[in-house]
Amino acid sequence: MTNSVEMLLIGRFTIGVAAAITYTVHPIYLLEISPTHLRGSAAVFTSIGVTGGIFVGQIFSLQQVFGTEDLWEFALSFYTVLVVVSFLPVYWYPESPRWLYLMRQDEPAARKELQRLRGQNSDECVNIEIADMKELVAYASNEKIGFLAVVKNPEYLLPLVICCSFPLCQQLSGINAIFFYSVRIFMKGGFSLEIATWMNFGAGILNLIFASVSPVMVQKFGRRPLMMFSAGGCGISLFGMAFALNYIVSIKKDASFYYTCIYTDNFSTQLFVIQSHF
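Heads up: these notes are all about the structure in this document. (Residues numbered from 1 in each chain as written. Predicted model: local features only at pLDDT ≥ 70, side-chain atom pairs only at ≥ 80, totals over all residues. Heavy atoms only, no water.)

1. Notes on the overall build of the protein
Stage number 1. Each helix and strand counted, the protein has 14 helices and zero strands in total.
Stage number 2. Secondary structure elements of the protein, listed N to C terminal, follow the sequence α-α-α-α-α-α-α-α-α-α-α-α-α-α.
Stage number 3. The buried share of the protein, taken over its 278 residues, is 31%.
Stage number 4. Considering only contacts in the protein between residues 6 or more positions apart, those separated by 24 or more positions represent 63%. (Helix = DSSP H or I, 4+ residues; strand = E, 2+ residues; numbered from the N terminus. Buried < 20%, exposed > 50% of the residue type's maximum accessible area, 1.4 Å probe, protein only. Contact = heavy atoms within 4.5 Å.)

Structure, rendered in structure tokens:
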């Protein structure tokens with residue numbers, strides 16, 4: 001076991017920076033390489049990856065695996081295997097056609113990548129997407145404004161506020177406390193360490209399941225109602241859990257589990273809805 005707190009802090013900071021970059025770039029990349037009719041659902045793979053990574057971490061943190069004082073370093077370092085496996089085919093990943101066209105002004109390269117992504121006999125689809133990019137270029141060239149102009153313009157201010165407020169509320173909603181301290185929350189509810197660990201594992205499974213079914217729910221109920229419902233569910237479950245743990249001693253065992261599960265389910269749905277818009 002390491003005795004260097006500084007090394008742990010540096011490692012945590014480095015991982016946080018890498019995770020932030022990945023979390024930002026990955027959904028954008030998926031949106032830009034996806035066909036137009038699938039762009040609303042493409043970013044779901046980012047949220048599934050996040051919830052799936054949490055689930056894998058919970059597996060390797062179990063006491064039966066690496067969750068002991070002697071083996072916890074292996075639980076932390078196992079992700080190296082997943083990173084290496086994911087990085088190996090990086091040279092086969094296609095470049096973003098939209099980036100090539102809009103940023104590099106390289107239409108032949110963008111057309112080539114689109115042909116590669118859309119497959120054979122996709123000339124019509126490629127031509128339509130290239131035409132859309134040309135319209136974006138023409139619109140951008142006619143109207144170039146800075147950040148202050150965007151803030152002062154009511155036409156752009158509302159979309160900017162929405163784009164910033166959703167991710168901000170997501171991070172301030174308490175999800176980190178739930179994931180980091182869920183075992184302690186269950187133990188405070190009266191459960192033993194072993195039972196609390198398995199309940200935390202169950203909450204991770206539900207989180208992954210609801211993230212996976214979110215595309216179907218979005219198609220059926222729509223983005224705005226589902227976003228409002230999931231955000232409201234997060235708030236109600238957080239309030240209910242805090243109230244039950246502090247004031248209702250007789251039912252706090254069941255309440256801590258139910259409210260944590262409800263919160264993680266609503267959060268995973270909210271996470272997908274946010275990413276499907278950007």
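2. Details of a nonpolar patch on the surface
Stage number 1. Where nonpolar side chains cluster on the molecular surface, the patch consists of F147, L148, V151, L157 and V161 and spans about 460 Å² of accessible area.
Stage number 2. Of all elements in the fold, only helix 9 (147–152) and helix 10 (154–171) reach the threshold of two or more residues within the nonpolar patch.
Stage number 3. If you tally residues by element for the nonpolar patch, the top one is helix 9, at three residues. (Patch = residues over 30% accessible without salt bridge, like charges linked within 9 Å, V, L, I, M, F, W, Y side chains within 5 Å. Areas by Shrake-Rupley, 256 points an atom, 1.4 Å probe, with all protein chains shown as cover. Salt bridge = Lys/Arg side-chain N within 4 Å of Asp/Glu carboxyl O.)

3. Thoughts on the packing of aromatic side chains
Describing an aromatic ring pair means giving the distance of the ring centres and the angle of the ring planes.
Stage number 1. Inspection of the entire model under this criterion finds four aromatic pairs.
Stage number 2. Here W198 and F201 contribute two aromatic rings whose centre-to-centre distance is 5.8 Å and whose plane-to-plane angle is 90°, an arrangement assigned as edge-to-face. With W198 and F201 both in helix 12 (residues 193–221) and three residues apart, the pair spans about one turn of that helix.
Stage number 3. By way of ring pairs, the aromatic residues F55, W198 and F201 are connected into one cluster. (Phe/Tyr/Trp six-rings, centres within 6.5 Å; stacked < 30°, edge-to-face > 60°.)

4. Observations regarding the nonpolar core
Stage number 1. Judged by nonpolar contacts, L100, Y101, A110, L114, V126, I130 and M133 together constitute the single largest core of seven residues.
Stage number 2. Secondary-structure elements contributing two or more residues to this core are helix 6 (97–102), helix 7 (107–118) and helix 8 (123–142).
Stage number 3. By residue number, the principal contributor to this core is helix 8, which donates three residues.
Stage number 4. Discounting chain neighbours no more than four positions away, the residues touching M133 are P97, R98, Y101, L102 and L114. (Core = buried A, V, L, I, M, F, W, Y, C linked by side-chain atoms within 4.5 Å.)

5. Brief notes about unusual backbone geometry
Working note: non-glycine residues mostly have negative phi, and peptide bonds are mostly trans.
Stage number 1. Unusually for a residue other than glycine, Q105 sits at a positive phi of about 55°.
Stage number 2. With respect to the element layout, Q105 can be found in the loop between helix 6 and helix 7.

6. A word on the pattern of salt bridges
Stage number 1. Per the stated rule, a full pass over the model turns up three salt bridges.
Stage number 2. Here R118 makes a salt bridge to E129, at a shortest N to O gap of 2.8 Å. Of the two residues, R118 sits in helix 7 while E129 sits in helix 8, which places them 11 residues apart along the sequence.
Stage number 3. Of the residues examined, E129 reaches a relative accessible area of 4% and is grouped as buried.

7. A closer look at the packing of helix 1 (residues 5–33) against helix 3 (residues 44–60)
Stage number 1. Helix 3 packs onto helix 1 with a crossing angle of 145° between their chain directions and a minimal axis gap of 8 Å. Residues Y23, H26, P27 and L30 of helix 1 lie in contact with helix 3, whose contacting residues are F45, T46 and V50.
Stage number 2. Taken together, the residues that form the contact of helix 1 with helix 3 break down as five nonpolar, two polar and no charged. (Axes fitted to C-alpha atoms, helices over the stretch in contact; angles between N-to-C directions. Nonpolar A, V, L, I, M, F, W, Y, C, P; charged D, E, K, R; others polar.)

8. Here's the deal with the environment of S182
Stage number 1. Considering the arrangement of structural elements, one finds S182 in helix 11 (residues 175–188).
Stage number 2. Judged by its relative accessible area of 3%, S182 is buried.
Stage number 3. Separated by 15 residues in the primary sequence, S182 and T197 place their C-alpha atoms 8.6 Å from one another.
Stage number 4. Excluding residues within four positions of it along the chain, S182 makes contact with A177 and N200.

9. A few points about helix 12
Stage number 1. The end-to-end C-alpha distance of helix 12 is 39 Å, a good match for the 42 Å that 29 residues give at a rise of 1.5 Å each.
Stage number 2. Remark: the principal bend of helix 12, roughly 45°, maps to S214, with a proline, P215, within the next four residues.
Stage number 3. Where helix 12 is concerned, the buried positions are A196, M199, N200, F201, A203, G204, N207, A211, S214, P215 and V218.
Stage number 4. A positive backbone phi angle near 90° is found at G222, which sits one or two residues after helix 12. (Expected span 1.5 Å × (residues − 1). Bend = angle between axes of the 7 residues up to and from the residue.)

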